[in-house]
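# Secondary and tertiary structure notes
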Amino acid sequence: MALDERYDDAARSAATMDRPALQRLLSDVKHGRVDAVVVYKIDRLSRSLRDFGRLMEVFECHGVSFISVTQRFDTSSSMGKLTLNVLMSFAEFEREIIGERIRDKIAAQKRRGKHTGGMPVFGFDTDREAKKLVVNGKEARLVRWIFKRFCEIRSTTRLAAELNRQGHRTKAWISLKGKEHGGHQWNKSHLYRMLNNRKYIGRVEHRGADYRGEHEAIVS
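About the cut-offs
Residues numbered from 1 in each chain as written. Predicted model: local features only at pLDDT ≥ 70, side-chain atom pairs only at ≥ 80, totals over all residues. Heavy atoms only, no water. Axes fitted to C-alpha atoms, helices over the stretch in contact; angles between N-to-C directions. Helix = DSSP H or I, 4+ residues; strand = E, 2+ residues; numbered from the N terminus. Parallel < 35°, antiparallel > 145°, perpendicular 65-115°, else oblique. Left-handed = near helix turned anticlockwise from the far one by under 90°. Contact = heavy atoms within 4.5 Å. Nonpolar A, V, L, I, M, F, W, Y, C, P; charged D, E, K, R; others polar. Expected span 1.5 Å × (residues − 1). Buried < 20%, exposed > 50% of the residue type's maximum accessible area, 1.4 Å probe, protein only. Polar contact = N/O pair within 3.5 Å; in protein donor to acceptor, adjacent residues only side chain to side chain. pLDDT = per-residue confidence, 0-100. Core = buried A, V, L, I, M, F, W, Y, C linked by side-chain atoms within 4.5 Å.

Let us now look at the packing of helix α4 (residues 137-153) against helix α5 (residues 156-165). One way to put it is that α4 packs onto α5 with a least axis distance of 10 Å and a crossing angle of 140°. The angle between α4 and α5 places the two elements in the oblique class. The chirality of how α4 crosses α5 is right-handed. Contact residues: α4 offers Leu 142, Trp 145, Ile 146, Arg 149, Phe 150 and Ile 153, while α5 offers Thr 156, Arg 158, Leu 159, Glu 162 and Leu 163. Split by residue class, the contact of α4 with α5 holds seven nonpolar, one polar and three charged.

So, in structure tokens, the structure goes:
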């Protein structure tokens with residue numbers, strides 16, 4: 001009899017086991033509530049051969065069969081187990097190829113000076129439609145003051161204390177998923193990263209090299 005509960009991890013990658021629904025499934029398997037796991041395709045359960053092997057060990061240890069609907073096999077037979085290992089090898093290979101393509105694409109974009117996503121550094125905002133960094137005028141004025149003030153006092157600890165006394169906070173940013181980032185008190189690590197970030201002089205860094213960026217420089 002099928003359980004009423006579904007184990008769906010919507011919008012979460014199958015490349016990791018750190019998924020709430022998967023962890024609930026494993027808990028139910030270990031407590032004897034499940035005797036068969038049915039999926040649409042095997043890569044919906046996992047896209048990592050190593051992680052998949054761990055899952056199969058848990059299933060076998062608790063007498064649980066694994067069935068893929070569209071690929072027409074189950075692990076109750078030796079042929080099903082062999083087919084499963086072959087398919088998982090190809091799924092992991094595909095995942096690695098996709099990863100390489102993404103890394104190559106990011107490298108090519110950075111060589112052209114493009115912003116490749118993520119939280120913008122203090123002093124910049126992201127034009128999400130144009131996919132580029134734009135200067136935030138108010139923050140840029142503080143960035144210039146920080147560089148000037150550091151040249152005067154040569155201490156990130158003192159500079160962070162001054163910024164906090166004046167009520168300034170680090171970059172506050174909301175992601176496309178609505179998650180809030182930043183907005184913290186300053187510390188010397190924030191300032192080290194700022195003072196060594198070549199984005200502020202209009203450059204983009206990647207693997208030890210830097211390139212002219214599409215964005216405007218804030219300091220000379």
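Attention now goes to α4. Spanning 17 residues, α4 covers 25 Å between terminal C-alpha atoms, matching the ideal 24 Å at 1.5 Å per step. Every buried residue of α4 is listed here: Glu 139, Ala 140, Leu 142, Val 143, Ile 146, Phe 147, Arg 149, Phe 150 and Ile 153. Here the buried face of α4 lies against β4 (124-127), β5 (132-135), α5 and α6 (188-195). The distance from a side-chain oxygen at the start of α4 to the backbone nitrogen of Lys 138 is 3.2 Å, and the residue carrying that oxygen is Asn 136.

This part takes up α5. Restricting attention to buried positions, one finds in α5 the residues Thr 156, Leu 159, Ala 160, Glu 162, Leu 163 and Asn 164. At the C-terminal side of α5, Gly 167 shows a positive phi close to 85°.

Next up on the list: unusual backbone geometry. The phi torsion of most residues other than glycine is negative, and most of the peptide bonds are trans. The backbone of Lys 131 sits at a positive phi, close to 55°, despite the residue not being glycine. Locating Lys 131 in the fold gives a position in the loop between β4 and β5. Residue Lys 131 is classed as exposed on the basis of its relative accessible area of 62%. In this structure, Arg 207 is a non-glycine residue whose phi angle is positive, near 50°.

Next up on the list: the confidence of the model for the protein. Looking at the protein as a whole, the pLDDT averages 85, with 89% of positions reaching at least 70. Within the protein, the element-level pLDDT minimum falls on strand β3 (residues 73-74), averaging 61, and the maximum on α4, averaging 98.

What follows deals with the environment of His 62. With respect to the helices and strands, His 62 occurs in the loop between α2 (49-61) and β2 (65-68). Between the alpha carbons of His 62 and Val 34 there is a distance of 8.9 Å; along the sequence they are 28 residues apart. Apart from the residues lying within four places of it in its own chain, the contact partners of His 62 are Val 29 and Lys 30. A distance of 3.0 Å separates a polar side-chain atom of His 62 from the backbone oxygen of Val 58.

Further remarks concern the nonpolar core. The biggest cluster of nonpolar side chains holds 19 residues, and the ones touching the most others in it are Val 143, Ile 146, Trp 186, Met 194 and Tyr 200. Those elements that provide at least two residues to this core are α4, α5 and α6. If one sorts the elements of this core by residue count, α4 sits on top with seven residues. Those residues in contact with Met 194 that lie beyond four places of it in its chain are Phe 122, Val 143, Ile 146, Phe 147, Trp 186 and Tyr 200.

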